[in-house]
Each structure stands twice: as C-alpha cells, then as structure tokens.
Amino acid sequence: LLEKVNFSFTGKGVVGFIGDNGSGKSSLLKILAGVDEDFTGKFAWSGQPSIGFMPQEIMDRENLSGGQKKMEKLAQLIYGESHDILLLDEPDNHLDFDGKEWLANALEYFSGLVIMISHDRDFLDMNTEFTWLIESGGVRTFPFGYKKFSKIYLQERGYLERLYKKQVKEKK
C-alpha cells in the first residue's frame, strides 16, 4: 500500500488523516501506535511519548451500541489517561450529532497531538488544524486544517488537469 513514506511533524493539535478507502490510513495508524509491527522500514517518535490508540471498531462491552463504545473509549483516552498523542481511527463513526459535538469539545480539551482518520468532511472542516493526505503510496502533510486543504487541493488538481491536457495537446 505505502512505499517510501517519509515525513516529519512537530507540534500539537488535531491532524485530519485522509485518503481513499484502502490507501493505507488505518495500516499506518496501527504502525504509529505500535500495534502492527509487521512492516519493513522504520519510524521513530521524538522522545518517548505516551500514545493512546482507538481502532475503527471496538469489540468489548457487547451491551453498548457502537456510538456508546466509541464515546466510552474516547473519554477514557482523553480524560482518564495521560497521553501525549492520540491515534484515532474514525472516532466519529457511529456517533450521532450530539456525540460528534461532544467529541469536538473533547478534542479542544486535549492538549497533545491527535491524529484522526475521518470520512466526515464537515467534522474535519470544524475540528482539524493540520491535514495529512495519503496519495500515490506516500503521505503529504499540509500545515492547515481540512477546510483550507480542500480549497487548495481542488485548485492543485485543476492546475494539474490543465497541465496534462496541454501536454497531450503539444504531443499531437
């Protein structure tokens, strides 16, 4: 899925981690969390941060709904444990409007780095300060939230499309 991924990040805040389905977002998050050690290559955190990880699906507590399981796990990670970094795989999935509002407030409370995968563009618009995009087997980092990213990315794609058409025309 991913090849020769090389990037660095310094700071705190909420990173929106986006890309096509099957592009490797969850796999990379598991590697960063130390959950998946079956990969070639290496990565390193600066220092020894405490990392909290929430997978896409939470299997324990069968008597709770998907949204309740997510909120319980998020509350534990954000308020109950002392982490420097949170890696959250679709934390807004299964949450209703009130749950998403609660999560947005909780993310504001957290003082460390949050790397969050989400497919809810409105949620990303309102809650991210940085954007990471998996594209063409690599990761591109942007120093702004999803709202600004989406505008700039559309402009970039339009420019590349015009450039491609121009090159095809010149070859004829």
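Can you tell me about the pairing of strand β6 (residues 138–142), naming the residues and giving the values?
Two strands pair when backbone bridges link them, and strand β5 (residues 130–135) and β6 are joined in this way by 5 bridges, in the antiparallel orientation. Paired with W132 across the two strands is T141, which belongs to β6. Two successive antiparallel strands, β5 and β6, enclose a turn made up of 2 residues, where S136 displays a positive phi of approximately 55 degrees.

Any chance you could break down the pattern of salt bridges for me, citing the residues and the numbers?
Taken as a whole and judged by the stated rule, the model has 2 salt bridges. Residue D120 is joined to K100 by a salt bridge in which the shortest nitrogen-to-oxygen separation is 2.5 Å. One end of the pair, D120, is in the loop between β4 (113–117) and α4 (121–127); the other, K100, is in helix α3 (residues 97–109), and 20 residues separate them in sequence. A relative accessible area of 24% places K100 in the partly exposed class. Between E135 and R140 there is a salt bridge, with its nearest N and O atoms 3.1 Å apart. Among the residues examined, R140 registers a relative accessible area of 27% and is labelled partly exposed.

With reference to specific residues and values, describe the sheet that holds strand β1 (residues 13–19).
Reading across from one edge, β2-β3-β4-β1-β5-β6 is the order of the 6 strands in this open sheet, with mixed pairing throughout. Strands with a single pairing partner mark the edges of an open sheet, and in this sheet they are β2 (51–54) and β6. Between one strand axis and the next, the sheet turns by 15 degrees as a mean value, whatever way the strands run. Where β1 meets β5, 5 bridges bridge the pair, whose relative direction is parallel. Opposite G16, over in β5, you have T131 as the bridge partner.

Explain unusual backbone geometry residue by residue, including any values.
The phi dihedral of E90 falls on the positive side, at around 55 degrees, and the residue is not glycine. Residue E90 is classed as buried on the basis of its relative accessible area, which comes to 12%. One non-glycine residue with positive phi stands out, namely H94, at about 75 degrees. Examined against the element boundaries, H94 turns out to sit in the loop between β3 (85–89) and α3.

So, how was this worked out
Residues numbered from 1 in each chain as written. Predicted model: local features only at pLDDT ≥ 70, side-chain atom pairs only at ≥ 80, totals over all residues. Heavy atoms only, no water. Pairing = 2+ DSSP bridges. Helix = DSSP H or I, 4+ residues; strand = E, 2+ residues; numbered from the N terminus. Salt bridge = Lys/Arg side-chain N within 4 Å of Asp/Glu carboxyl O. Buried < 20%, exposed > 50% of the residue type's maximum accessible area, 1.4 Å probe, protein only. Axes fitted to C-alpha atoms, helices over the stretch in contact; angles between N-to-C directions.

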